[in-house]
Amino acid sequence: MTTILVTGGTGTLGRLVAERLRAGGHEVRVLSRHSDPYAVDLRAGGAALDAAVAGVDTIVHCASGQKGDEQAAQNLIRAARGAGVRHLVYMSIVGVDEVPFPYYRSKLAVERLVEESGIGWTVLRATQFHDLLIMMFQGLSKLPVMFLPAGVRDQPVEVAEVADRLVELATAAPAGRVEDMGGPEVQPLESFARAYLKASGRRRAVVNVPLWGAAYRGFRSGGHLAPRRAVGRGTFEEHLERRSGGGRVQAGRGRSGV
């Protein structure tokens, strides 16, 4: 069995990856800014990061944020090279090369850093998690009217299924850019919003609003979708049912995002 470091290992995805790897008999180190014994800010790097990476065979890089991802990746790759890490697995997002959204551009830049790292690498892109849609709808439904970007579809995927796939990739040989992973259904964003409202027991008018800009055009054209890779099985409504436990979906349960 190997020693595997999971960055962002206390987050929605990383936590599940770490649990599954441990269940498979691997030694797992969880790296997070506030999780001992490997409490590390990747954006700062330094001796703490070097210690976390020492003796590691594989890194599964799930940590991500709105700022600093490129610097974090550079520090992680530098430490991984020094420690002789053999495999770097990176979790990315479908559409990072199609939609000129700032966060997506940063993810694409990290992909390129991973590819050019000199370390054996694997990159998996997935569509957005069900939890991210729920978090978005929770925010939008605070107003009496839920405003949505007109003409946008989505294809959410079950985070547990993505975790299973990452574990499969992390315990195999470096594979480069593997096939994308998308959820089982592509629907208008409004359809998912209405399913959320029904499950949460909220009554809101839903209004589709045309927006502007290159990023909106990218989303509207479906650059973030992978209809030919609809390999996920769990639907959004099934996720809502599990999350509610047969009752209503409550706000503020857990963290979301890739």
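Preceding this paragraph is the structure being described.
**As for a nonpolar patch on the surface**
Here comes step 1: On the surface, a cluster of nonpolar side chains totalling about 260 Å² of accessible area is made up of Leu143, Phe147 and Val207.
Here comes step 2: Among the secondary structure elements, Phe147 is positioned in strand β6 (residues 145–149).
Here comes step 3: Phe147 gets classed as partly exposed once you look at its relative accessible area, which sits at 44%.

**Structural notes on the packing of helix α5 (residues 130–140) against helix α9 (residues 236–244)**
Here comes step 1: Orientation of α5 relative to α9, taken along the N-to-C sense of each, is 75°, at an axis distance of 10 Å. As judged from the angle between their axes, α5 and α9 are roughly perpendicular. Where α5 approaches α9, its residues His130, Asp131, Leu133, Ile134, Phe137 and Gln138 are matched on the opposing element by Phe236, His239, Leu240 and Arg243.
Here comes step 2: Looking at side-chain class alone, the contact of α5 with α9 contains five nonpolar, three polar and two charged residues.

**Focus on the pairing of strand β5 (residues 120–126)**
Consecutive side chains of a regular strand alternate in pointing toward one face of the sheet and then the other.
Here comes step 1: Of all seven residues in β5, five are buried, a share of seventy percent or more.
Here comes step 2: Here strand β4 (residues 87–93) runs beside β5; their pairing, made up of seven bridges, is parallel. What sits directly across from Met91, in β5, is Leu124.
Here comes step 3: Following the chain from β4 across helix α4 (residues 102–115) to the adjacent parallel β5, one finds a crossover that is right-handed.
Here comes step 4: For β5 and strand β8 (residues 176–177), the ladder comprises two bridges, and the chain directions are parallel. By the bridge assignment for β8, Val123 is matched with Arg177.

**Focus on the sheet that holds β5**
Here comes step 1: If you trace the six strands from one edge of the open sheet to the other, you get β2-β1-β3-β4-β5-β8, paired in parallel fashion. Each edge of the sheet is formed by a strand with only one pairing partner; in this case those strands are β2 (27–31) and β8.
Here comes step 2: Against the sheet, α4 contacts β4 and β5, and its axis sits at roughly 160° relative to β4.

**Here's the deal with the environment of His34**
Here comes step 1: Tracing the chain through its elements places His34 in the loop between β2 and α2 (47–53).
Here comes step 2: The exposure class assigned to His34 is exposed, which follows from its relative accessible area of 74%.
Here comes step 3: Sequence separation between His34 and Arg78 is 44 residues, and the spatial gap between their C-alpha atoms is 22 Å.

So, how was this worked out
Residues numbered from 1 in each chain as written. Predicted model: local features only at pLDDT ≥ 70, side-chain atom pairs only at ≥ 80, totals over all residues. Heavy atoms only, no water. Patch = residues over 30% accessible without salt bridge, like charges linked within 9 Å, V, L, I, M, F, W, Y side chains within 5 Å. Areas by Shrake-Rupley, 256 points an atom, 1.4 Å probe, with all protein chains shown as cover. Salt bridge = Lys/Arg side-chain N within 4 Å of Asp/Glu carboxyl O. Helix = DSSP H or I, 4+ residues; strand = E, 2+ residues; numbered from the N terminus. Buried < 20%, exposed > 50% of the residue type's maximum accessible area, 1.4 Å probe, protein only. Axes fitted to C-alpha atoms, helices over the stretch in contact; angles between N-to-C directions. Parallel < 35°, antiparallel > 145°, perpendicular 65-115°, else oblique. Contact = heavy atoms within 4.5 Å. Nonpolar A, V, L, I, M, F, W, Y, C, P; charged D, E, K, R; others polar. Pairing = 2+ DSSP bridges. Right-handed = clockwise from strand over helix to strand, strands pointing away.

These figures come from the coordinates and say nothing about function on their own.
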